[in-house]
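The chain contents come next:
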Amino acid sequence: MNVNMQNFGIKGQQALAIPNIFQPLEPGISWEKAFNNEEILDIISLGEMAEFQQGVIGVNQDVIDSGNLPHRLAPEVRNSDVSWIIPSEQSEWLYHRMQNLCAKVNLDKFQFDLDKFEVFQYGKYKEGQFYNWHTDSGPTLPFHRKLSLMVALTPPEEYDGGEICVNTNGNPDEPLVFKMEPGSVLVIPSWVPHVVKPVTRGERVSLVAWATGPKFR
């Protein structure tokens, strides 16, 4: 049946319209104990077997590394050591687990259009090391990071400091603070500012993954 919607008037058109319902964007999701103790040790082994390098920040077009990703050292912003867990027969289980975890969290909380991970980063913060306020995405990156996933690997009683603080309200003095149990995963939108506070005792290790996808519309 052909019906001219204009004949219904404003109230009639409003009665037929289906409203858009928007779910508030989650500032951060913590998935407790996503990995068991044996899996945590396996992740640590994978990270420790790789070659370490000093952590770098963002992008700077005048410095290009061997992977053609612009970056620069900035010890006043980031002081940490990192290695890279590349996809392999040994790490295949980890990539599959993170794929499933990311897909479930994204479906439930974010509904972003995602397509792949970057190579996983294993990070180590010793006494005095830190990562100041930053975001994981930026306009000069050659890809669009959408979700950042951080896996805690060190028991919180083994180190002091090292908290992850997430700025969700524009006020860095009132962040959400996370100091998670080993195996727990924190997921935040990659553009949300966050910081790793200086470690004052012990050593903190973690795994970081970035999920990318097409440009937001």
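Here the structure is a predicted model, which is why all the values come from computation and not from measurement. (Residues numbered from 1 in each chain as written. Predicted model: local features only at pLDDT ≥ 70, side-chain atom pairs only at ≥ 80, totals over all residues. Heavy atoms only, no water.)

1. Observations concerning helix H2 (residues 37-49)
A rise of 1.5 Å per residue sets the reference length of H2, with its 13 residues, at 18 Å; its end C-alpha atoms lie 18 Å apart and thus fit the reference within 8%. Listed in full, the buried residues belonging to H2 are Glu-39, Ile-40, Ile-43, Leu-46 and Gly-47. All buried residues of H2 project into a common sector of 125° when viewed along the axis, lining one side. Exposed residues lying more than 90 degrees from the buried face of H2 are Asn-37, Glu-38, Leu-41 and Met-49. Tucked inside the fold, the buried residues of H2 contact strand E4 (81-85), helix H3 (92-110), strand E6 (120-125) and strand E15 (204-212). Two or three places before Glu-38, at the start of H2, stands the capping residue Asn-36, its side-chain oxygen 3.1 Å from that residue's backbone nitrogen. (Helix = DSSP H or I, 4+ residues; strand = E, 2+ residues; numbered from the N terminus. Expected span 1.5 Å × (residues − 1). Buried < 20%, exposed > 50% of the residue type's maximum accessible area, 1.4 Å probe, protein only. Arc of directions from axis to C-beta. Contact = heavy atoms within 4.5 Å. Polar contact = N/O pair within 3.5 Å; in protein donor to acceptor, adjacent residues only side chain to side chain.)

2. A look at the environment of Arg-201
If you trace the backbone, Arg-201 turns up in strand E14 (residues 199-202). On the accessibility criterion, Arg-201 (37% relative accessible area) is partly exposed. The spacing of Arg-201 and Gly-128 is 73 residues in sequence and 8.1 Å in space, taken between C-alpha atoms. Ignoring sequence-local partners within four residues, the contact set of Arg-201 consists of Glu-127, Glu-157, Glu-158, Tyr-159 and Asp-160. A distance of 2.9 Å separates the side chain of Arg-201 from the backbone oxygen of Glu-157, its partner in a polar contact. Side chain to side chain, Arg-201 and Asp-160 meet in a polar contact 2.8 Å long.

3. As for the environment of Arg-72
Tracing the chain through its elements places Arg-72 in the loop between strand E2 (53-54) and strand E3 (78-79). Here the alpha-carbon distance between Arg-72 and Ile-57, two residues 15 residues apart in the chain, equals 5.8 Å.

4. Focus on the pattern of salt bridges
Two side chains with opposite charge may pair up if their charged atoms get near one another. Tallied over the full model, the rule gives five salt bridges. Note that Arg-97 is salt-bridged to Glu-39, the shortest N-O span being 2.4 Å. In this pair, Arg-97 sits in helix H3 while Glu-39 sits in helix H2, placing the two residues 58 residues apart along the sequence. Note on Arg-97: relative accessible area 28%, which makes it partly exposed. For Glu-39, a relative accessible area of 15% translates into the label buried. (Salt bridge = Lys/Arg side-chain N within 4 Å of Asp/Glu carboxyl O.)

5. Concerning the packing of aromatic side chains
Enumeration according to the criterion identifies eight aromatic pairs in this entry. On the numbers, 5.7 Å between centres and 40° between planes, the contact of Phe-112 with Trp-191 is tilted. Linking Phe-112 in the loop between H3 and strand E5 (116-117) with Trp-191 in the loop between strand E12 (185-189) and strand E13 (194-196), this pair joins segments that are 79 residues apart in sequence. By relative accessible area, which is 36% here, Trp-191 ends up partly exposed. Taken together, the ring pairs connect Phe-110, Phe-112, Trp-191 and Phe-216 into an aromatic cluster. Sitting over the ring of Phe-216, Lys-146 keeps its end group 4.3 Å from the ring centre. Between Lys-179 and the ring centre of Tyr-159, over which it is positioned, the NZ or CZ distance is 4.5 Å. (Phe/Tyr/Trp six-rings, centres within 6.5 Å; stacked < 30°, edge-to-face > 60°. Lys NZ or Arg CZ within 6 Å of the ring centre and 35° of its normal.)

6. Some remarks on the sheet that holds E13
Taken in spatial order, the five strands line up as E3-E7-E13-E10-E11 in an open sheet, and their pairing is antiparallel. The outermost strands of the open sheet, each flanked by one partner alone, are E3 and strand E11 (176-178). Pairing analysis gives two bridges linking strand E7 (residues 130-134) to E13, with the strands arranged antiparallel. When the bridges of E13 are listed, Tyr-131 appears paired with Val-196. (Pairing = 2+ DSSP bridges.)

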